[in-house]
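Overview (structure and organization)
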Amino acid sequence: WLAVLNGAFLFMWVYNVAAKEWQTLIFAAWAVVFTAGSFIAFKFSEKPHPFFAYGSVGVAFIAAATAAQLHGASLTIAFTIEVLLLVIIVLSLTKNVPAAVSTSALFIAPALLSLSSMGRYMSAQELFTQDFFVIIILAFSLIIAGRLLAAAAVTFKAEGANTAGSAIIVFGTLYILTALWSFVHILMRSTPDMATMATLIIYTVIGLIAYFAGLYGNDTARRVYGTVLLAFVIVRLMLIDVWAMELFGRVITFFAIGI
């Protein structure tokens, strides 16, 4: 409580009293103080509670400094990288897998900020935009964090963390699939039916690979992921594309995916 109240008091003082041009620097300075204090407290006491209490306040000051300095896509990318580094630091310092899983919940912030980027990229006319890099960086950060958590769960025998790591990886791949849909449609903007066909075929191949990898590797999560992806392709074909496509594109798409 002392850490949280001190942090809240300092935040309100900096935000309301300090000059605007100095706010970023002051937030960063207090972030260093609180994160260093959390590390020292953990090293001397070997207790996780001071580490997380003062570390959380330090993270809040890092986020405040970032938000004061950056905006838009740059802010989303910065938040994404910061959360990934936090997961790595917590995992390497504490060896506490559940704590690292809890830290990964901070990905919610850049994920919410990325929604506007996803909407803009769905209607973009250029392949490589700021919104594209927001989606890709967030996707790979989620996949890296999920892989680290899954590996740590096996090492430290934390079963629940393994499931959480797999879920984070799935969310990362969903971002990649979303970016892929927009990327192909921008690349083939003159032939939207062919773009839809190409994307759905890629989805089908990925779904089949995931399904059989899970089937023969005795990985239920991967098998379910492949099944859901294949179901998405089939449902979209039956409900949307069968009515939206021209006859030629419809025949080729159904034939290719059926094969």
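Residues numbered from 1 in each chain as written. Predicted model: local features only at pLDDT ≥ 70, side-chain atom pairs only at ≥ 80, totals over all residues. Heavy atoms only, no water.

The backbone of Lys95 sits at a positive phi, close to 55 degrees, despite the residue not being glycine. Relative to the elements of secondary structure, Lys95 occurs in the loop between helix 4 (72-94) and helix 5 (97-104). (Helix = DSSP H or I, 4+ residues; strand = E, 2+ residues; numbered from the N terminus.)

Attention shifts here to the packing of helix 4 against helix 6 (residues 108-122). At their nearest, the axes of helix 4 and helix 6 sit 9 Å apart, and the two run at 155 degrees to each other. Taken together, the axis directions place helix 4 and helix 6 in an arrangement best described as roughly antiparallel. As for how helix 4 packs across helix 6, the hand of that crossing is left-handed. Here helix 4 contributes Leu75, Thr76, Phe79 and Thr80 to the contact with helix 6, which in turn contributes Pro110, Leu113 and Ser114. Broken down by class, the residue content of the contact of helix 4 with helix 6 amounts to 4 nonpolar, 3 polar and no charged. (Axes fitted to C-alpha atoms, helices over the stretch in contact; angles between N-to-C directions. Parallel < 35°, antiparallel > 145°, perpendicular 65-115°, else oblique. Left-handed = near helix turned anticlockwise from the far one by under 90°. Contact = heavy atoms within 4.5 Å. Nonpolar A, V, L, I, M, F, W, Y, C, P; charged D, E, K, R; others polar.)

With that settled, the discussion passes to helix 9 (residues 192-216). Over its 25 residues, helix 9 extends 36 Å from the first C-alpha to the last, a length consistent with the 36 Å expected when each residue adds 1.5 Å. For helix 9, every residue scored as buried is listed here: Asp193, Ala195, Thr196, Met197, Thr199, Leu200, Tyr203, Thr204, Gly207, Ala210 and Gly214. Asn218 lies just past helix 9 and shows a positive phi near 55 degrees. (Expected span 1.5 Å × (residues − 1). Buried < 20%, exposed > 50% of the residue type's maximum accessible area, 1.4 Å probe, protein only.)

This is a description of form; function is not addressed.
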